[in-house]
Amino acid sequence: MALPLSTWPLKNFGVFKYVLYGPLVARALYTGHNSTTTTNLWCLRILIICALRGLVHQLWFSFSSMLFLTRKRRIIKQGVDFKQIDIEWDWDDFIMLQALLASIAFLSFPSLWDLPLWNLKGFVYAVVLHMGVSEPLYYCMHRFFHTDHLFKHYHSLHHSSSVPQSFTAGSATPLEHLMLFVVMGIPVLGANLMGSGSVALIYGYVLVFDFLRCMGHSNVEVLPHALFQAVPFLRFLIYTPTYHSLHHTEKDTNFCLFMPLYDALGNTLNKKTWELHKHISSVGDNRVPDFVFLAHVVDVISSMHAPYVIRSIASLPYTANLLLLPIWPGACLMMLLMWAYSKPFLHCFYNLRGFLFQTWAVPRYGFQYFLPFAREGINKQIELAILRADKMGVKVLSLAALNKNESLNGGGTLFIEKHPDLRVRVVHGNTLTAAVILNELPKEVKEVFLTGSTSKLGRAIALYLCRKKIRVLMLTLSTERLQKIQKEAPLECQQYIVQVTKYQAAQNCKTWIVGKWITPREQNWAPPGTHFHQFVVPPIFRFRRDCTYGNLAAMTLPQDVQGLGSCEYTLERGVVHACHAGGVVHFLEGYTHHEVGAIDVDRIDVVWEAALKHGLRPA
């Protein structure tokens with residue numbers, strides 16, 4: 001049985017927990033409508049502070065998660081996984097709790113209703129009370145929570161997050177946040193009781209308090225070591241993210257709130273603190289990724305699915321979300337800035353069997369790949385990423401979706417021909433994509449309808465199926481291209497490749513493989529019970545209720561993957577697109593060839609077996 005105040009009662013309410021802000025909103029609206037002065041707007045002030053506190057935590061998270069800015073200054077190298085995200089899902093419950101406590105404080109002390117906007121003495125009193133009372137009180141309280149009984153039943157929740165994040169600062173039990181409210185309240189109420197309180201003090205102290213807590217939990221070192229070398233005593237007055245990260249990894253040192261002075265006095269200062277801080281600040285993380293998946297943005301809306309925007313949304317498969325609408329204008333502006341100035345950048349990473357796997361993003365959106373005047377620039381961006389990976393010592397770089405478009409760069413052949421001495425292996429991953437699609441087909445299938453039939457994938461699928469004596473209805477107007485593919489098949493199998501020019505030809509075929517966008521009207525030609533397999537990006541609309549639709553070709557990563565905390569576009573947790581998985585297999589198998597251009601049909605089964613051998617599974 002859980003001990004009192006060790007669990008949050010709002011845990012099962014989901015988003016409906018925010019209804020509890022309703023009374024404050026109603027009181028603020030009523031007061032604002034009926035009051036002629038601003039002295040009774042304390043409900044509004046509490047709501048504003050709550051919103052600003054959430055924003056502070058979000059901004060620190062966004063900053064620390066922008067790996068293209070912070071990668072070298074990360075302290076704990078592993079990534080934040082789905083388990084930690086779920087543990088911290090309701091990290092903001094403490095803001096709601098402290099809003100309730102603040103409401104009680106305002107009702108208990110009417111003098112807080114009529115505070116001046118500014119009072120310099122109040123800030124001085126608050127600083128003195130914080131340094132002399134709040135800091136030692138928190139230090140003692142924190143050490144107390146690390147005793148066996150309290151740690152097990154209360155503080156272990158906070159330490160269950162292996163990689164500190166700004167949201168980790170809010171992930172703790174109600175008892176801890178009640179005591180933290182007392183620690184925060186002493187300077188504010190103390191200054192007010194001494195007749196020097198102010199509105200600015202309340203806002204300033206609470207937000208600076210949260211800012212420093214988020215900084216300490218950011219897992220990114222932001223304070224330069226030169227600062228402490230120039231002013232040595234400063235290291236006892238302000239902690240660093242490195243300082244607090246050591247507390248999370250070792251747990252028996254560095255207990256202070258913000259001032260290491262009390263750790264020094266209590267003999268709990270970690271001896272490695274300053275050397276580690278110097279190393280992180282000066283050298284940083286220079287690890288070279290072993291594998292890179294080179295992706296691109298699909299569209300403006302899905303660009304907000306990035307992990308550094310809203311973590312909870314990014315940790316679930318992408319869907320259109322109304323919560324993202326307010327930041328849509330900012331996303332549009334970012335698209336224009338990326339088009340004008342940006343280069344390929346680090347998006348996210350995970351670890352697998354001791355190797356570092358990264359996803360880089362080409363700063364281009366899906367629609368831009370179809371603009372004739374943009375193609376040269378896109379190829380330059382892809383080439384820049386390949387050359388950078390080659391210089392760094394990356395083993396394999398896998399091209400995603402439109403980055404390997406045949407009309408753009410010949411499925412990657414453009415770069416191999418231009419740079420024949422590349423050490424990095426460039427891979428389109430489509431051999432495994434074809435394998436995934438082919439292994440989805442029912443064993444008893446005798447006929448399939450194939451759109452996008454003369455594309456790289458369409459060709460490979462048609463050649464593979466005709467060898468199995470399966471009739472392939474290839475939708476194309478180009479007889480020349482179809483005959484070229486047909487001639488690649490063994491003579492006795494060529495009859496199984498049949499050209500069709502209209503969707504009506506497939507009205508009796510229940511297995512459709514879609515490699516080119518089809519409209520709802522075109523889908524109507526499929527008979528009831530048809531299953532749409534697809535390798536078209538973006539996926540087709542699920543229009544027919546009497547038919548079934550497959551997802552894009554994808555595979556589940558091995559179970560021993562570590563630090564994976566975001567979903568790849570519309571795919572489920574732990575699932576990646578087949579071209580991504582194809583690059584992973586290429587690396588794990590140690591293949592030394594480039595996989596670009598046309599798909600080697602003879603290797604489809606080989607790559608499929610290799611994927612299964614390494615623990616990847618069909619999604």
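Because the structure is a prediction, the values reported are computed rather than measured.

Colleague: Sorry if this is basic, but what is going on with the overall build of the chain here?
Modeller: Summing up its helical and strand segments, the chain has 25 helices and 14 strands in all. In terms of its C-alpha atoms, the chain occupies a principal-axis envelope of roughly 95 × 55 × 55 Å. The long-range share in the chain, meaning contacts at least 24 apart out of those at least 6 apart in sequence, stands at 71%. Per element, the accessible surface of the chain, about 28400 Å² overall, is 63% carbon and sulfur. Charge centroids of the chain, computed over 56 positive and 42 negative side chains, lie 2 Å from each other.

Colleague: Quick question: what am I supposed to make of the pairing of strand 1 (residues 291–297) here?
Modeller: Looking along a regular strand, one sees the side chains alternate between the two faces of the sheet. Here strand 1 lies mainly inside the structure; seven of its seven residues are buried. Burial along strand 1 is two-sided: Phe291, Phe293, Ala295 and Val297 and Val292, Leu294 and His296, pointing in opposite directions, are all buried. Relative to strand 3 (residues 355–365), strand 1 runs parallel, the two sharing seven bridges. Residue alanine 295 lies in a different strand from strand 3, and its bridge partner there is alanine 361. Strand direction decides the pairing type here: strand 1 and strand 4 (residues 396–399), joined by four bridges, are parallel. Among the inter-strand pairings, leucine 294 is bridged to a residue of strand 4, identified as leucine 399.

Colleague: Explain the side chain of threonine 242 here, please?
Modeller: Turning to its location among the elements, threonine 242 is positioned in helix 11 (residues 241–250). By relative accessible area, which is 0% here, threonine 242 ends up buried. A polar atom in the side chain of threonine 242 sits 2.3 Å from the side chain of glutamate 221.

Colleague: Looking at this model, I keep getting lost on the UniProt feature "transmembrane region" (unreviewed entry) in the chain. Mind explaining?
Modeller: The positions that UniProt labels "transmembrane region" (unreviewed entry) are, in the present scheme, residues 46–70, 91–110, 122–141, 178–206 and 322–341. A distance of 26 Å separates the end C-alpha atoms of residues 122–141, which is 100% helix and 0% strand. Across residues 178–206 one finds 83% helix and 0% strand; the C-alpha atoms that close the span lie 15 Å apart.

Colleague: Got a minute to help me understand the sheet that holds strand 10 (residues 531–534) in this structure?
Modeller: In a beta sheet, neighbouring strands pair by backbone hydrogen bonds and run either parallel or antiparallel. Ordered in space as 8-7-6-9-10-11, the six strands form an open sheet in which the pairing is parallel. Strands at the two margins of the open sheet, each flanked by one partner only, are strand 8 (497–500) and strand 11 (548–552). Strand-to-strand twist of the sheet, defined as the mean angle between neighbouring strand axes without regard to direction, takes the value 25°. Summarising the sheet, strand 10 and strand 11 pair through three bridges and their orientation is parallel. Counted as the bridge partner of glutamine 534 is leucine 552 from strand 11.

Colleague: I'm lost on the UniProt feature "domain: Very-long-chain aldehyde decarbonylase CER1-like C-terminal" (unreviewed entry) in the chain in this one. Help?
Modeller: UniProt annotation of "domain: Very-long-chain aldehyde decarbonylase CER1-like C-terminal" (unreviewed entry) refers to residues 448–618 when read in the numbering used here. Secondary structure content for residues 448–618 is 28% helix and 19% strand, while the C-alpha to C-alpha distance between its ends is 21 Å.

Colleague: Is there a simple way to think about helix 22 (residues 479–488) in this case?
Modeller: Because each turn of an α-helix spans 3.6 residues, side chains separated by three or four positions in sequence point in the same direction. Of all the residues in helix 22, the buried ones are Leu482, Ile485 and Gln486. All buried residues of helix 22 fall inside an arc of 105° around its axis, so they share one side. Facing away from the buried side of helix 22 by more than 90 degrees, the exposed set consists of Glu480, Lys484 and Lys487.

Colleague: Quick question: what am I supposed to make of the state of the cysteines here?
Modeller: Cysteine pairs can be covalently joined through their sulfur atoms, and such a bond is termed a disulfide. Per the counting criterion, the structure on display carries zero disulfides. Cysteine cysteine 43 shares no disulfide, and the gap to the nearest cysteine sulfur, in cysteine 50, comes to 11 Å. We classify cysteine 43 as buried; its relative accessible area is 3%. Left without a disulfide partner, cysteine 466 is nearest to the cysteine sulfur of cysteine 493, which lies 5.2 Å away. What makes cysteine 466 buried here is its relative accessible area of 0%.

Colleague: So what exactly am I meant to see when it comes to a nonpolar patch on the surface here?
Modeller: Together, Phe13, Val15, Phe16, Tyr18 and Val19 line one region of the surface with nonpolar side chains, adding up to about 570 Å² of accessible area. With respect to the secondary-structure elements, tyrosine 18 resides in the segment before helix 1 (22–34). Since its relative accessible area comes to 38%, tyrosine 18 is described here as partly exposed.

Colleague: Can you walk me through the confidence of the model for the chain in this structure?
Modeller: When pLDDT drops low, the exact placement of atoms in the prediction is not to be read closely. For the chain, mean pLDDT is 93; residues scoring 70 or higher make up 98% of the total. Across the chain, strand 4 holds the top mean pLDDT of 98, while helix 1 sits lowest at 81.

Colleague: Help me out: how do you make sense of the packing of aromatic side chains in this one?
Modeller: Tallying each qualifying case throughout the model produces 29 aromatic pairs. Centroid distance phenylalanine 233 to phenylalanine 236: 5.8 Å. Interplanar angle 50°. Geometry classified as tilted. According to the relative accessible area criterion, phenylalanine 233 is exposed, its value standing at 51%. Look at tryptophan 339 and phenylalanine 367: their rings are 6.3 Å apart centre to centre, the planes differ by 80°, and that puts the pair in the edge-to-face class. With tryptophan 339 in helix 16 (residues 328–341) and phenylalanine 367 in the loop between strand 3 and helix 17 (375–392), this pair connects stretches of sequence that are 28 residues apart. By relative accessible area, which is 41% here, phenylalanine 367 ends up partly exposed. Over the ring of tryptophan 360 we find arginine 388, and its NZ or CZ is 5.9 Å from the ring centre. Its end group placed over the ring of tyrosine 591, arginine 603 keeps NZ or CZ at 4.8 Å from the ring centre.

What counts and how
- Residues numbered from 1 in each chain as written.
- Predicted model: local features only at pLDDT ≥ 70, side-chain atom pairs only at ≥ 80, totals over all residues.
- Heavy atoms only, no water.
- Helix = DSSP H or I, 4+ residues; strand = E, 2+ residues; numbered from the N terminus.
- Contact = heavy atoms within 4.5 Å.
- Areas by Shrake-Rupley, 256 points an atom, 1.4 Å probe, with all protein chains shown as cover.
- Lys, Arg positive; Asp, Glu negative; His and termini not counted.
- Charge placed at Lys NZ, Arg CZ, Asp CG, Glu CD.
- Buried < 20%, exposed > 50% of the residue type's maximum accessible area, 1.4 Å probe, protein only.
- Pairing = 2+ DSSP bridges.
- Polar contact = N/O pair within 3.5 Å; in protein donor to acceptor, adjacent residues only side chain to side chain.
- UniProt positions renumbered as here; feature names shortened; annotations may be inferred.
- Axes fitted to C-alpha atoms, helices over the stretch in contact; angles between N-to-C directions.
- Arc of directions from axis to C-beta.
- Disulfide = S-S within 2.5 Å.
- Patch = residues over 30% accessible without salt bridge, like charges linked within 9 Å, V, L, I, M, F, W, Y side chains within 5 Å.
- Salt bridge = Lys/Arg side-chain N within 4 Å of Asp/Glu carboxyl O.
- pLDDT = per-residue confidence, 0-100.
- Phe/Tyr/Trp six-rings, centres within 6.5 Å; stacked < 30°, edge-to-face > 60°.
- Lys NZ or Arg CZ within 6 Å of the ring centre and 35° of its normal.

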